[in-house]
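# Remarks on the overall topology
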Amino acid sequence: GIVGLALYLIATGISFGVFRLLGRFAPMKSGTSQTSSGDQSHFVIDPSIPRTEACPTSGMLYTKQEREKWEKTRPLAIMIENHAESRPQSGLSRADVVYEAGAEGGISRFMGVFYCGIAAQGTNVAPVRSARTYFLPWVLEYDALYNHVGGAGNCSDPTVDERAKALCQIDTYKIKDMDQFGISFPTCYRNYDRLDHPVATEHTMVCVTDKLLKLASERGWTNVDAKGVPWDKNFEQWKFKDDAKEKGNVSSIHIEFWEDNTDYFVDWKHDSPTNSYLRSHGKTPHTDLNNKKQISAKNVVVLFMRESSANDGYEDNVHLLYATKGSGKAQIYLDGEEILGTWKKADRESRLMLLDSEGEEIELNRGLIWFEIVPVGSVAEAN
């Protein structure tokens, strides 16, 4: 019996070592593509080609070559964590839209919506983390593919509050699920050497956008679903405009998700030459590991939503919830201006509306839209 146990432990150790080495020496370096040289889905954009094609999700202008590529796919929503140990993230700068909301312990979590920005070439996104129920109504707005690493509660789990059962809701709402638990290397895998310091295993998951889209196509999810219904059949675009010629004097935005948790305070600085907002968190510039550049957004939208909590099956764990339907206060920042308005979302699948003080829909600038979802009463100040 002792000999058998020893052999088992030796075999287990060898297996663990092999899989860890696969994660370490997989063909991935931060900022490089995961595609093989024979993948014809990637192409170089000629800088002389005019940008005439408006992206339906961000309003940003691209080439006809890129439009022809994105029209064959559908938006891809990916959960990305923001634990201080996991920074900097990979791939966020290539998203068309980003939603940021609290997850637990004052730590926020991102959901990037990738569509037009990855048309010419895919990107590595990391670290991918678990699903949260309050992100699902935003996934449904785009009828998007939803990439995540597991989540709380299947439908039959009695230990989890129904409001926190992300896996159950994904199934109930018929979301096109790209759960990493059903996806293998090289589409998704753990890279323990992504950063220059050791991190816990939960901070190591990398997923590759073009490979996710290829896998989705094999599952019957392209620009249309298995029944031939296009993703944008009911999609309502935001209203977009060109940058204003005259810029306002609001130079900075400061946001606090939870009081006293300074590592997750967010600051945006208006950059006049580009008419965009540069992001910092924890007083440190927020960069994308793939290109080493500070993340910027053309539009920063602060949404105040009612926060509550629910039991997710783990002792003493606070699983946050946000009231994503209904209406509430909004602060919209673009062109160096602050617009005080209202957000409205009629139901689970309808597009979130941004209205000014007169009840008119606000026009956004063409480019990345970053939504900051904060609890009612939280600090969100402009200077």
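Residues numbered from 1 in each chain as written. Predicted model: local features only at pLDDT ≥ 70, side-chain atom pairs only at ≥ 80, totals over all residues. Heavy atoms only, no water.

### Details of the overall build of the chain
In terms of regular secondary structure, the chain is built from five helices and 25 strands. Taking the intrachain contacts of the chain between residues at least 6 apart in sequence as the baseline, contacts between residues at least 24 apart amount to 67%. (Helix = DSSP H or I, 4+ residues; strand = E, 2+ residues; numbered from the N terminus. Contact = heavy atoms within 4.5 Å.)

### Thoughts on unusual backbone geometry
The omega torsion of the bond from R87 to P88 falls at -5°, within 30 degrees of zero and hence cis. Mapped onto the secondary structure, P88 falls in the loop between β3 (76–81) and β4 (97–104). Residue F185 is joined to P186 through a cis peptide bond whose omega torsion reads 5°. On the secondary structure map, P186 appears in the loop between β8 (176–179) and β9 (188–190). Non-glycine residue K174 carries a positive phi angle of around 60°. Inspection of the secondary structure assignment puts K174 in the loop between α4 (166–172) and β8.

### Looking at the packing of aromatic side chains
Considering all chains together, one arrives at 15 aromatic pairs under this definition. Plain terms: the ring middles of W238 and F371 are 5.8 Å apart, the flat faces sit at 35° to each other, and that makes the pair tilted. A residue pair is termed long-range when its members are at least 10 positions apart, and W238 in the loop between α5 (209–218) and β11 (240–241) and F371 in strand β24 (residues 369–375) qualify at 133 residues. Both residues of the pair, W238 and F371, count as buried. The ring centre of F304 lies 4.8 Å from the NZ or CZ of K329, which sits over that ring. (Phe/Tyr/Trp six-rings, centres within 6.5 Å; stacked < 30°, edge-to-face > 60°. Buried < 20%, exposed > 50% of the residue type's maximum accessible area, 1.4 Å probe, protein only. Lys NZ or Arg CZ within 6 Å of the ring centre and 35° of its normal.)

### Quick word on the confidence of the model for the chain
Taken over all residues, the pLDDT of the chain has a mean of 90, while the share at 70 or more is 89%. Low pLDDT (under 50) marks residues 12–40, which in the prediction has 34 contacts with non-local residues, meaning those over four places away or in another chain. (pLDDT = per-residue confidence, 0-100.)

### Regarding the state of the cysteines
Tallying each qualifying case throughout the model produces three disulfides. Linked covalently through their sulfurs, C55 and C116 form a disulfide whose S-S length is 2.2 Å. Handedness here is read from the sign of the S-S torsion; for C55 and C116, about 85°, the answer is right-handed. Of this pair, C55 sits in the loop between β1 (53–54) and β2 (61–62) while C116 sits in the loop between β5 (107–114) and β6 (124–125), and the two are 61 residues apart along the sequence. Covalently, C188 is tied to C207 through a disulfide, its sulfur atoms 2.1 Å apart. One quick way to see it: the torsion about the S-S bond of C188 and C207 is about 115°, and its sign makes the bridge right-handed. Taken as a pair, C188 in strand β9 and C207 in strand β10 (residues 205–208) lie far apart in primary sequence, 19 residues in all. Here C188 falls in the buried class, since its relative accessible area comes to 2%. Counting only the cysteines that form disulfides, in the order they appear in the chain, gives the pairing 1-2, 3-4, 5-6. (Disulfide = S-S within 2.5 Å.)

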